[in-house]
Structure formats: C-alpha cells, structure tokens
Amino acid sequence: MTNQNISDELLNSFVDNELESDEASEIFNAIGRDELLKVRVCELRGMKEMVQHAYHQLPAHKISPLKKPARWWPVYMLNMPSLAACMLLLLLGWGAGWLTSESSRSNSDPKLMRLFQAAQNSDIAEESGNIIVHVSNSNPVRLKTALDETENLLESYRRANRQVNVEIIANAGGMDLLRSDVSPFGVRIGLMKDKYPNLEFLACSQTISKLQKKGIIVKLLPHTGVAASAVEEINKRLHQGWDYVRV
Amino acid sequence: MRILSLFCINGSDAFQEQLEKIRPKLYRVAFSWSHNAALADDLVQETLIKALKNAGQLRDPALLNGWLFSILANCWRDHFRQHRETEDIDELEDYRCINETTPEDEHAQSQLVLRVWDAVAKLPVRQRQVLTLVDLEELPYIEVAAILAIPIGTVMSRLCRARQALKILLKELAPQQSAQISQLRRII
C-alpha cells in the first residue's frame, strides 16, 4: 500500500480506530515507509486532539437541574403496575377536566398545557409558587394558550389562598404579544394585569433594539416592564428557584 | 402528584440518575453544535424531558447513550425548523449576544480554544455534527450513523470533508504573528 492509494477516508478510519487489525497493520507499515503519509496521520491525530482539548472545559450551564418534569413523567413508563394505576388516575383527571373545561380549550396546545400543569402540580404542596413563562413564538394559538393557562394557574392559586408570582417574558416573535399595535390580546392583558397584581409582563430590550434597528417603532402595552434581556431574566429567575415554562 | 410519585419512585429515580450522569456529555456535544451556552443547555433540557417522556421506548439500557444523542440531534434539527418557520432569527441572536458577554466566555479561554471553536462553528452543520460525535464522544462510525439516521458511508464522507475544511480553517484563523516570528528566525 502506497501513500497515493491511501485515501483520506481510510486514514480517518485509521485515526479513529475503525479499521480491522490487518488493515491497520498495512497502514502502520506504509507509515514506516512513507514520510508524507506519517505527516498526514500526524495532522489528523493532532486535529482530533485539538478538538478534544478545545471542548474539554466549557462555559458552565446556568440553568437549574432537571427536576420538575422528571418527577411526574417517567413514572408511567418504567413500571407496569404503576402504569395501570397512573392511567386510571389520569383518566379520572381528564374526565373531570373535560366536564369542567371551557369550549375554547379545544384550540389549546396540549403540550403547553401539560407544562403548565406540571408547574402547578409540582408546587401544590407548597404555600407559594413562582413561574416564569417565556414567550418566543408569535403563533397566536400558542399565545392564547399561554394566557389561558396562566389565568387558570393564577385563578387556582387564588382559590386555594396561595401566593403565586408569574412573570411572562417575551422576546423574538413572542414580542407580538406585548406590542400595543400588533397584539390581539391587548385588552385581555390589561384586564389580567388589573385582576392579578402578582402577574408581570416583561419585554426583552434586545429584541426591542433589533426591531428599532429595522425601522419598526415598538409601542408596548401599558404596564409592560422591560428586561435587559430575556435570557438573563430567565437565568436569574431559575437561579432563584422559579419554574420555567417556554411557549 | 404525590400519589403518582409513590407508585414507582425507585425506577424513575434510577433513570433520572443515569440521565444526570450523561448530561455533561450531552451538553458538550450540544455546545459544540451551537457554540452557545444558553442554547446548549436549552437543547439538553429538552432532550432530557423527551427522554423522560419516552422512557418506555428504550428497550435496551445499554443503548441509552446513543438513544439520548439521537434525541439531541432531533432537538437540534427541530430548533432549526422552528427557527425557519417563524423567522425567529432574533432569538438566536439574543442568545449569542448574551453569550458574548457572559463571564464564562471571558474567563480562561485560550486563543487556541477560541480558534478551534470558531473553526468548528464555521463548518456546515451536518459535518459539524459528525465531527463532534466522533472526536468528542469517540463514538464508532456505525453508532454515529444510527444517531443521525444516515448511512455509514455518509458519516465517513462528511467526517473527511469536515476535517479537510477544519484544517484549512485553522490555518486561516491562525494568528499572523507566527508568520512574522518565523521570518525573524530565518534572518537570525
């Protein structure tokens, strides 16, 4: 085997230990005979090590460990007897929900509803709860579901005489929710804000700047706060132990 | 919820423990794909939630690693789909912008590391995925093929192209100073 008929793909396989022992032996022999081949292999190995080194130490991830969804979801999948019991409880829950839900629910996003329910249920034993809702999508159905579920959440805490703080933070496409000239929910947000003093709406100032650079005048709904950045705010809240729901 | 958690807390806890152990690996790969700490964490979080949700689909616990990387790859692909559908470029820019100013980025990263990150980030996404799974996780080609749902030949060709491109990019990104130094040495 000579340098010429050893392809790059074959050398990559050699460097990655993908070759059978006889093929690898042939390459070793060829390397012994051919200085250029040795250089090619060294380059590949060096590059591989360089990549490994570069990702050895990474910026620490700030977001709090996975806790809340894990507590209520995998249970059903791992244990069959439990599965039956859980299914029964879920069916009862769904049945009750079905009877009491509003007709508007039919357009809601089920995944999003589950997230809200998880956030709500995980704190059921606690006296208070804190939830940050991140709206980054302009889809009106999802925006409506987010408001519906936030309202349900606030209402259920109020009925139970428990304290809950909810912060709805919008960035990117989700900014449509809080722009007075664009939002289809301006009146509703105003009413919610009046009704629930522990509900805050925040807009991401970076998204506002970007829209302004595009020549778009951003007019926010009354009583909307501005956060330095959505991600910063979310990280801050997660560090403070808040639950996070992304729309 | 308390009633539900009583039924099988042991199984779920063990599974969650396993996920937590693999989490740093997932984060490393997610970071090498996105080069963005917040986005990488978001992707890993989503991956773990999906894994918990679909735990029943994993028949052989020995395949957990590969299964999780497949979910991560899907999350990464979905991220781009969603991004395209909603033209939601701002969001990614938000992450980048924040990432640039975080202390993590500012501290203790050598020029070499930044240069490699820059070069890897410039690779086409599909090449980047293959390269990082092979180099960082040292996964066999066949496993990478399964994770990304592509033929093994495609893994090999993408890896080959990725390394060829990386070699050129690293040369391009190398500081000009070194050339001057070598000239000086020659004069001496």
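None of these values were measured; they are calculated from a predicted model. (Residues numbered from 1 in each chain as written. Chains lettered and ligands numbered in written order. Predicted model: local features only at pLDDT ≥ 70, side-chain atom pairs only at ≥ 80, totals over all residues.)

Draft legend 1. How the structure looks around unusual backbone geometry. All names here are of chain A. Even without being a glycine, N17 presents a positive backbone phi close to 60 degrees. Residue class for N17 comes out exposed when judged on the 9 C-beta atoms lying within 10 Å of it. Positive phi outside glycine occurs at A172, with the angle close to 50 degrees. Residue placement: A172 occurs in the loop between β2 (163–170) and α9 (186–195). (Buried ≥ 20, exposed ≤ 12 C-beta atoms within 10 Å, placed from the backbone. Helix = DSSP H or I, 4+ residues; strand = E, 2+ residues; numbered from the N terminus.)

Draft legend 2. Representation of the confidence of the model for chain B within the structure. Residue and element names in this part refer to chain B. On average, residues of chain B carry a pLDDT of 78, and 71% of them reach 70 or more. Scored below 50 in pLDDT, residues 85–108 shows 46 contacts in the model against residues more than four places distant or in partner chains. Considering only residues more than four positions removed or in separate chains, one finds that residues 177–188, a stretch of pLDDT under 50, has 0 contacts. (pLDDT = per-residue confidence, 0-100. Contact = placed C-beta atoms within 7 Å.)

Draft legend 3. Focus on helix α8 (residues 125–135) of chain B. For α8(B), a buried count of 9 out of 11 residues is recorded, marking the element as mostly surrounded by other parts of the structure. Turning to α8(B), its buried residues number three or more, namely Q127(B), R128(B), Q129(B), V130(B), L131(B), T132(B), L133(B), V134(B) and D135(B).

Draft legend 4. Main features of the pairing of β2(A). Residue and element names in this part refer to chain A. Across the 8 residues of β2, 6 count as buried, placing the element largely inside the fold. For β2 and strand β3 (residues 199–204), the ladder comprises 5 bridges, and the chain directions are parallel. Pairing of V166 across the sheet is with L199, part of β3. (Pairing = 2+ DSSP bridges.)

Draft legend 5. Molecular detail of the packing of helix α3 (residues 35–54) of chain A against helix α7 (residues 111–122) of chain B. One can describe the packing of α3(A) onto α7(B) by two numbers: an axis separation of 9 Å at closest approach and a directional angle of 105 degrees. Here α7(B) runs roughly perpendicular to α3(A), going by the angle between their axes. In this structure, α3(A) contributes M50(A), V51(A) and A54(A) to the contact, and α7(B) contributes V113(B), V116(B), W117(B) and V120(B). Here the contact of α3(A) with α7(B) is composed, by residue class, of 7 nonpolar, no polar and no charged. (Axes fitted to C-alpha atoms, helices over the stretch in contact; angles between N-to-C directions. Parallel < 35°, antiparallel > 145°, perpendicular 65-115°, else oblique. Nonpolar A, V, L, I, M, F, W, Y, C, P; charged D, E, K, R; others polar.)

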